[in-house]
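Listed below are the residues making up each chain.
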Amino acid sequence: MIEVKNISKSFGAIQAVSNISFSLEKGDVLGFLGPNGAGKSTSMKMITGFLNLDSGSIKVSDFDIETQRTNAQEIMGYVPENAPLYEEMYVEEFLYFIAEVRRISIKERAHKVEKVVRMCALINVVGQRIETLSKGYKRRVALASALIHDPKILILDEPTDGLDPNQKHDVRDLIKDLSKEKAILISTHILEEVESICNRCIIISEGVMKYDGTPSEIKSKSSTGSIEDVFRAMTLNENIEGVSLC
Amino acid sequence: MLSYQTKVILKKEFSSYFNGPIGYLFLIIFLFGMNYLTFEPGSGSYFLMRQADLSAFFNYIPWMYLFLIPAVSMKLWADEKKSNSIELLLTMPIKVQEAVIGKFLASWSFVGIALLCSFPLVLTTLYLGSPDIGVIFFGYLSSFLLAGAMLSIGTFFSALTKNQVVAFILTVVICTLFIMAGSPPFMEYISTFLPKYFIDLLESLSVLNHFESMGRGVLVLSDLWYFTLLIVFWIVVSITLISENKA
């Protein structure tokens with residue numbers, strides 16, 4: 001569903017992403033792992049068509065992101081980092097606006113909004129202004145807006161960042177439910193999250209891809225079964241006791 | 001004529017003026033200020049001129065716009081960039097030009113509504129005498145076009161920065177230059193050291209000259225072209241700027 005080939009991006013002298021390639025299919029939950037500033041968000045911004053590529057290509061369900069940007073965007077749902085929203089709008093008004101942009105017919109709009117409100121447990125806040133909501137609710141509003149058109153591909157940039165343990169649990173359950181029907185790409189630096197919801201993961205550091213495989217394969221590289229140790233060894237280029245990267 | 005997404009953005013942005021205090025504040029200050037200036041007891045005041053026309057009203061339009069229009073346009077893009085909602089907006093199936101045009105038209109319609117709200121002045125004039133309706137119509141048309149030109153400049157500066165205050169100040173400065181370019185004291189001053197062809201060029205670029213010429217009730221095609229080109233130029237530059245520099 002997503003085919004990323006040798007994408008690179010630099011900002012001035014800083015090489016944010018360098019030659020990353022991977023693919024994503026229906027049923028996959030791909031975890032994008034890496035330290036802060038590794039190039040996770042930049043890659044996601046390129047996949048969603050927000051940033052132009054310096055080189056390489058991205059195909060989203062056969063649509064080229066550079067030449068058929070809006071076609072590709074129609075089948076994706078995206079929650080950017082920190083879940084930016086139109087804070088001055090009311091939750092319901094915002095979701096209706098997104099539904100309109102997503103070309104959901106007037107007849108269906110109420111039904112679709114109701115569905116995502118239920119899915120993301122927003123029923124208590126639909127009549128509130130977004131700026132008055134807590135961080136957890138804002139995340140859920142952003143997630144609801146990304147799900148409203150029932151996209152085939154879901155891209156979530158640090159979806160559980162800043163949430164309390166209960167909210168994290170709910171979001172993970174939701175992602176697990178959705179993964180049967182969709183291809184999901186999530187970025188995170190919470191390693192336990194990768195273990196609990198991802199069937200594949202990619203580790204990137206300083207814009208370079210260090211690993212592409214399953215979480216269990218990563219675990220097997222450490223004699224103690226610690227993903228954290230392997231992560232540190234890969235991203236810091238250090239020798240860590242009990243970790244063999246070969 | 002407008003694409004589906006342009007209309008959606010237009011509708012959302014237009015209603016955003018009334019989601020907070022800014023829309024109401026603008027309407028109150030604009031209408032109160034314009035009516036005060038029109039009736040203030042100076043030599044150019046409405047009653048002292050003893051003519052059934054709205055020249056006392058239209059003469060003050062550019063100066064009132066100078067501070068209020070940048071306040072309307074400053075949030076268009078700067079706010080999106082600061083809160084990063086631009087990422088949400090442009091990762092939905094919306095083209096940059098649709099978003100820029102939609103937002104610009106929303107702000108233009110909003111100022112258009114403010115202009116329409118000054119209708120009691122027209123009724124008063126119709127009651128007091130028999131004004132030339134054509135002149136009043138062109139006065140409003142030129143005021144509307146001037147608003148469009150200044151809003152397009154504001155759109156560009158709002159797209160240039162994340163900071164609304166910076167967008168406001170830059171828009172005021174550039175709009176002042178466009179307006180001052182045609183004012184007699186300024187022209188007289190620069191004619192002392194600049195060649196004549198340059199002065200002519202500057203004069204032809206002046207917003208004020210075209211605004212006043214239209215306001216006299218004569219529709220000259222060059223005035224219409226001037227405003228159209230000015231708006232198109234700044235909007236195209238804004239689209240290019242946002243396409244290249246979204247974050």
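Each remark here, short or long, concerns the structure printed above.
Residues numbered from 1 in each chain as written. Chains lettered and ligands numbered in written order. Predicted model: local features only at pLDDT ≥ 70, side-chain atom pairs only at ≥ 80, totals over all residues. Heavy atoms only, no water.

Asks: Explain the overall build of chain A to me, and be specific about the residues and the numbers.
Replies: Counting its secondary structure elements, chain A contains 9 helices and 10 strands. Viewed in the frame of its principal axes, chain A has a C-alpha envelope of about 55 × 40 × 35 Å. Burial status across chain A gives 56% buried among its 246 residues. If you sum the accessible surface of chain A, you get close to 10700 Å²; carbon and sulfur atoms cover 46% of it. For chain A, the distance from the average position of its 30 positive side-chain charges to the average position of its 36 negative side-chain charges is 4 Å. (Helix = DSSP H or I, 4+ residues; strand = E, 2+ residues; numbered from the N terminus. Buried < 20%, exposed > 50% of the residue type's maximum accessible area, 1.4 Å probe, protein only. Areas by Shrake-Rupley, 256 points an atom, 1.4 Å probe, with all protein chains shown as cover. Lys, Arg positive; Asp, Glu negative; His and termini not counted. Charge placed at Lys NZ, Arg CZ, Asp CG, Glu CD.)

Asks: Give me a nonpolar patch on the surface: which residues, what numbers.
Replies: A cluster of nonpolar side chains, contributed by Tyr 24, Ile 28, Phe 32 and Tyr 36 of chain B, occupies part of the molecular surface with about 520 Å² of accessible area. Checked against the element boundaries, Tyr 36 of chain B lands in helix α2 (residues 21-39). (Patch = residues over 30% accessible without salt bridge, like charges linked within 9 Å, V, L, I, M, F, W, Y side chains within 5 Å. Salt bridge = Lys/Arg side-chain N within 4 Å of Asp/Glu carboxyl O.)

Asks: Just give me the short version of the pairing of strand β1 (residues 2-11) of chain A, but keep the residues and values in it.
Replies: Residue and element names in this part refer to chain A. Strand direction decides the pairing type here: β1 and strand β2 (residues 14-24), joined by 7 bridges, are antiparallel. Note that in β2 the partner of Ser 10 across the bridge is Gln 15. The hairpin turn running from β1 into β2, its antiparallel successor, is 2 residues long, and Gly 12 in that turn takes a positive phi close to 65°. As paired strands, β1 and strand β4 (residues 55-60) are joined by 5 bridges and run antiparallel to one another. Across the sheet, Ser 8 pairs through a bridge with Ser 55, a residue of β4. (Pairing = 2+ DSSP bridges.)

Asks: Describe in detail the packing of helix α9 (residues 133-160) of chain B against helix α10 (residues 164-180) of chain B, supporting the description with residues and values.
Replies: A packed helix pair is summarised by two numbers, namely the angle formed by the two axes and the spacing between the axes. Residue and element names in this part refer to chain B. The N-to-C vectors of α9 and α10 enclose an angle of 145°; their axes lie 9 Å apart at closest approach. Here α9 runs over α10; the crossing is right-handed. Contacts between α9 and α10 involve Met 150, Ile 153, Gly 154, Phe 157, Ser 158 and Leu 160 from the first element and Ala 167, Leu 170, Thr 171, Ile 174, Cys 175, Phe 178 and Ile 179 from the second. Looking at side-chain class alone, the contact of α9 with α10 contains 10 nonpolar, 3 polar and no charged residues. (Axes fitted to C-alpha atoms, helices over the stretch in contact; angles between N-to-C directions. Left-handed = near helix turned anticlockwise from the far one by under 90°. Contact = heavy atoms within 4.5 Å. Nonpolar A, V, L, I, M, F, W, Y, C, P; charged D, E, K, R; others polar.)

Asks: Describe α10 of chain B, listing the residues and the values that go with them.
Replies: In an α-helix, one turn spans 3.6 residues; hence positions three or four apart end up facing the same way. All names here are of chain B. If you check α10, its first and last C-alpha atoms are 24 Å apart, about what 17 residues at 1.5 Å a residue would give, namely 24 Å. Regarding α10, the residues found buried are Ala 167, Thr 171, Val 172, Cys 175 and Ile 179. When α10 is viewed along its axis, its buried side chains cluster within an angular range of 130° and face the same direction. In α10, the exposed residues that point more than 90 degrees away from the buried face are Val 165 and Leu 177. (Expected span 1.5 Å × (residues − 1). Arc of directions from axis to C-beta.)

Asks: Can you break down the pattern of salt bridges residue by residue, with the values?
Replies: For the coordinates displayed, the defined rule picks out 15 salt bridges over all chains. Put simply, Asp 150 of chain A and Lys 182 of chain A hold a salt bridge, and the shortest N to O gap is 2.6 Å. With Asp 150 of chain A in the loop between α5 (135-147) and β7 (153-157) and Lys 182 of chain A in the loop between α6 (165-178) and β8 (183-188), this residue pair connects regions lying 32 residues apart in the sequence. The class of Asp 150 of chain A is partly exposed, set by a relative accessible area of 45%. The buried category is assigned to Lys 182 of chain A, whose relative accessible area is 4%. Taken together, the salt bridges that share partners define one network made up of Lys 12, Glu 13, Glu 80 and Lys 103 of chain B.

Asks: I'd like to hear about the nonpolar core, residue by residue, with values.
Replies: Counting residues in each nonpolar core, the largest one holds 154 residues, and the members touching the most others are Phe 94 of chain A together with Phe 30, Ile 61 and Tyr 65 of chain B. Those residues in contact with Ile 61 of chain B, other than ones at most four positions away along the chain, are Phe 30, Met 34, Leu 115, Ser 143, Leu 146 and Phe 211 of chain B. Core analysis: the second largest hydrophobic core is formed by 5 residues, Ala 181, Met 187, Ile 190 and Ile 199 of chain B among them. (Core = buried A, V, L, I, M, F, W, Y, C linked by side-chain atoms within 4.5 Å.)

Asks: Outline helix α8 (residues 119-128) of chain B, supporting the account with residue identities and numerical values.
Replies: All names here are of chain B. When α8 is considered as a whole, its buried residues turn out to be Leu 121, Val 122 and Thr 125. Taken down its axis, α8 places every buried residue within 100° of arc, on the same side. Of the surrounding elements, those touching the buried residues of α8 are α2, α3 (55-58) and α9.

Asks: Before we move on, can you summarise the interface of chain A and chain B with the specific residues and values?
Replies: At the junction of the two partners, chain A supplies 27 residues and chain B supplies 27 residues. Interface of chain A and chain B: buried area, both sides summed, is about 2600 Å²; carbon and sulfur atoms make up 57% of it. Looking only at chain A, the three residues that lose the most surface to chain B are Phe 50, Tyr 86 and Val 101 of chain A, adding up to 27% of its buried area. Of the charged contacts in the structure, one is a salt bridge between Glu 100 of chain A and Lys 11 of chain B, with a shortest N-O distance of 2.8 Å. Our count for the contact surface shared by chain A and chain B stands at 10 residue pairs in polar contact (both at pLDDT 80 or more). Among the elements of the structure, α2 (69-74) and α3 (91-101) of chain A are those that each provide at least two residues to the side of chain A that touches chain B. (Buried area = accessible area lost by both parts, 1.4 Å probe. Polar contact = N/O pair within 3.5 Å; in protein donor to acceptor, adjacent residues only side chain to side chain.)

Coordinates in, geometry out; function isn't part of it.
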